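Secondary and tertiary structure notes
Here is how the chains run, residue by residue.
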Amino acid sequence: MESFSFDEFSRRRRGGPPSDAWRRYVPIIPWVLAGLFALFLISDFSYTVEPHEQAVVLRFGAYRATTTPGLHFKLPIVDRVMKVSVEEHGLSLPYGPPAAAVQGWPGMASSSSPPRPQANPDDDETLMLTGDLNTASVEWTVQWRVSEPSSYLFRFPDDQDDRSARELLTYVARTVMNRLVGDYSFDEMIGPKRGDIALQAREETQRMLDAYDCGVTVTALQMQQVIPPDRVKPSFDRVNASIQLKQKAENEAEATRNKLIPEARANSDKLVREAEGYASLTKAEASGEIEALLARYHAYQRAPDVTRQRLYLEAMQELFESVKNKTIIDADLSKALPILDLNRPAAAGEDAR
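The structure reproduced in this document is the subject of the present report. None of these values were measured; they are calculated from a predicted model. (Residues numbered from 1 in each chain as written. Predicted model: local features only at pLDDT ≥ 70, side-chain atom pairs only at ≥ 80, totals over all residues. Heavy atoms only, no water.)

**Some remarks on unusual backbone geometry**
- A cis amide bond links L93 with the next residue in sequence, P94, at an omega value of 10 degrees.
- Examined against the element boundaries, P94 turns out to sit in the loop between β6 (89-93) and β7 (127-129).
- Of note, I77 is a non-glycine position whose phi angle comes to about 65 degrees, a positive value.
- Along the chain, I77 falls in the loop between β4 (70-73) and β5 (79-85).
- In this structure, D213 is a non-glycine residue whose phi angle is positive, near 55 degrees.
- Inspection of the secondary structure assignment puts D213 in the loop between α6 (194-212) and β9 (216-227). (Helix = DSSP H or I, 4+ residues; strand = E, 2+ residues; numbered from the N terminus.)

Written as structure tokens, this is what we have:
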């Protein structure tokens, strides 16, 4: 009887001697591996940068170049490509990265970080001490983007969701805002200095980020609200009401002043013009009288007798014009007739006649 092992029995049951079948594929294995390696090299020979990205190329770990969106080529295995988003992001401070609010901003790309629970607006985290030793609840927003991808990646090499960059920007912005708020009074913050504070905060934040050399640029900083804390808001409202009443009274007084001053100036101008007219009239009359007297004087010098007679006649004319009852007697009359006195009683002989 022929004896055989269990393995030989198994091979015979499978139908022949296939123990040498795998040897037919041995020469093909190197070619398959070479093909796979060639495909890997071909796929690693180029890379694509999206429109909202920039790529940093490292050759043997050292910085090589920064590429813009589009198709680019590199050396396989030797070059390493690190992509970073250069789209605009937003932070709602002092809470930190925004939740769904930033996604709704027009013209701004949504944040890639996971949603973060929004803090209570009345939280003490928003309280800051002003220059006049009052407390204010301050909220503001910061828009930023990556301007230097190489510096950003070297500063945050493993920051896939921008968490480290957001935390750094949050700390820097809060430090700057706390210092600036302490330089102004509460009334200045809610009034004329609000825009100046936002501008200074943006410049100071950018200066500190440049010192970190993190490749981040602050594109905008806006003050959202500056309000008093809830515990002092009723008192603040009463103070504001008093200020508004004061301003109303000042405005009414200013309106009355603006009305009365022009009227007084108009009356003053009228009186001045009347006085000037009266002065001119008086001067003209006096000048006329002086000229008339001078004319008479010169005429008297030329013909004294005629002038004397004319002056006498003019004086008599003025005198007679002022007398109502006049009796004219001839200068040549030697003896005037007796005037009959009707008030005297008549004599007896005269009555008989």
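**Points about the nonpolar core**
- Membership of the largest hydrophobic core comes to 39 residues, with the highest contact counts inside it found for V138, W140, V142, Y152, M177 and L209.
- Broken down by element, the residue count for this core peaks at nine residues, all from helix α4 (residues 163-181).
- Ignoring any residue separated from it by four or fewer positions in sequence, one finds L209 in contact with L168, L169, V172, C214, V216 and V218. (Core = buried A, V, L, I, M, F, W, Y, C linked by side-chain atoms within 4.5 Å. Buried < 20%, exposed > 50% of the residue type's maximum accessible area, 1.4 Å probe, protein only. Contact = heavy atoms within 4.5 Å.)

**Side note on the sheet that holds strand β2 (residues 53-59)**
- Across the sheet, three strands lie side by side as β3-β2-β5; this open sheet has antiparallel pairing. Sheet topology places β3 (62-67) and β5 at the edges, where each strand pairs with a single neighbour. Recorded for the sheet is a direction-independent mean angle of 25 degrees between the axes of neighbouring strands.
- In terms of strand pairing, β2 meets β3 through five bridges, oriented antiparallel. Across the sheet, A55 pairs through a bridge with T67, a residue of β3. (Pairing = 2+ DSSP bridges. Axes fitted to C-alpha atoms, helices over the stretch in contact; angles between N-to-C directions.)

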